[in-house]
Amino acid sequence: MCELFAVSSAHPARVRLRFAAFAGHGASVAGGNPDGWGAAYFDGPDAHVLREPIPAVRSSFVQVLENHDFHSRLVMSHVRRASRGPVALANTQPFSRELAGRRHVFAHNGDLPDIQRRWPLEPGCWQPVGQTDSEHVFCQLLRSLAPLWREPGVVPSVQARLDVVAAFAARLRPVGPVNFLYADGDALFAHAHRRHQADGTLRPPGLHLLLREPALAHAVRAEGLQVDSGNARSHPLAMLASVPLGKGAWKPLPEGSLLVLRDGEVAGTA
């Protein structure tokens, strides 16, 4: 299965992902996730979205990215093992779209068989570019959220957005495994379900959460990862990952749970 990772911080943090190492975390098959990689680094309402449909170990661009001095309060990453759709840029996550003058980004871990027939998209905005179940449901999510984003410059309440995302997740859970990360530049929504574990079984947990207390050291390091918030030791920081990355009090999220991270703290649950 694919691997998900995200950071939410109250202060812009330097997040360096060593994708070649990160891609092997939690892989249930040899070779990790060889079919593509991507990352989104938010800068206010917009984001740098970088992705390639090739293994990270073969990418020259990854080597540049790993050493780039990106600082962001909200970062999302995905490494892919293809299950739906060919290996192509159009099928490489995270996916991004504009809604209400903001960049919205989505990444999914799981398999939703026949979702295009079960939940067809009507004509209109937000059509998939590729062939994946993940991009299809992202378009459905944006259509569900669009009524909340009608007033320019006004961000809907966390609770209003949480209600919509919770209903979206509940509709998908009976179809198949649905772990996802969704960010709108203001908040990060994470849904945990089931995933193929290292032993090959399909079971929870689908995501793990680490909340760094302000009193702890400002840097977090693990194989394939470095998160450094500089001198901002008093600011909270939260991380999500498909499997725990390194040491720390990583907590498995319950099956079917949804949480919202905002400025490094949990801002809501469902």
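Up top is the structure.
Let us look at the structure shown here. (Residues numbered from 1 in each chain as written. Predicted model: local features only at pLDDT ≥ 70, side-chain atom pairs only at ≥ 80, totals over all residues. Heavy atoms only, no water.)

Time to look at the layout of surface pockets. Volume-wise, the largest pocket comes out at about 290 Å³. Considering the residues around the largest pocket, the lining is formed by 19 residues, among which F42, G44, R73, L74 and G185 are closest to the centre. Secondary-structure elements contributing two or more residues to the lining of the largest pocket are β1 (3–17), β2 (37–43), β4 (71–79) and β16 (257–262). Considering every element that reaches the lining of the largest pocket, the biggest residue donor is β4, with four residues. Classifying every residue of the lining of the largest pocket by side-chain character gives seven nonpolar, seven polar and five charged. (1 Å grid on protein atoms, 1.4 Å probe; cavity = no way out; pocket = protein on both sides within 12 Å on 5 of 7 lines; lining within 4 Å. Points joined across faces, edges and corners; volume = space filled by probe spheres on them. Helix = DSSP H or I, 4+ residues; strand = E, 2+ residues; numbered from the N terminus. Nonpolar A, V, L, I, M, F, W, Y, C, P; charged D, E, K, R; others polar.)

Take unusual backbone geometry next. Note that the residue after Q93, namely P94, is joined by a cis bond; omega there is 5°. Of note, P94 is situated in the loop between β4 and β5 (95–99). The residue after P204, namely P205, is reached through a cis peptide bond having omega 5°. In this structure, P205 sits in the loop between β10 (202–203) and β11 (208–212).

So, on to the packing of helix α4 (residues 133–145) against helix α5 (residues 158–172). The description of two helices packed together rests on the angle between their axes and the distance between the axes. Relative orientation of the contacting elements α4 and α5 amounts to 145°, with a least axis distance of 10 Å. When you trace α4 past α5, the crossing you get is right-handed. Mapping the contact onto sequence places V137, L141, S144 and L145 in α4 and R161, V164, V165, F168 and L172 in α5. Considered class by class, the residues forming the contact of α4 with α5 number seven nonpolar, one polar and one charged. (Axes fitted to C-alpha atoms, helices over the stretch in contact; angles between N-to-C directions. Left-handed = near helix turned anticlockwise from the far one by under 90°. Contact = heavy atoms within 4.5 Å.)

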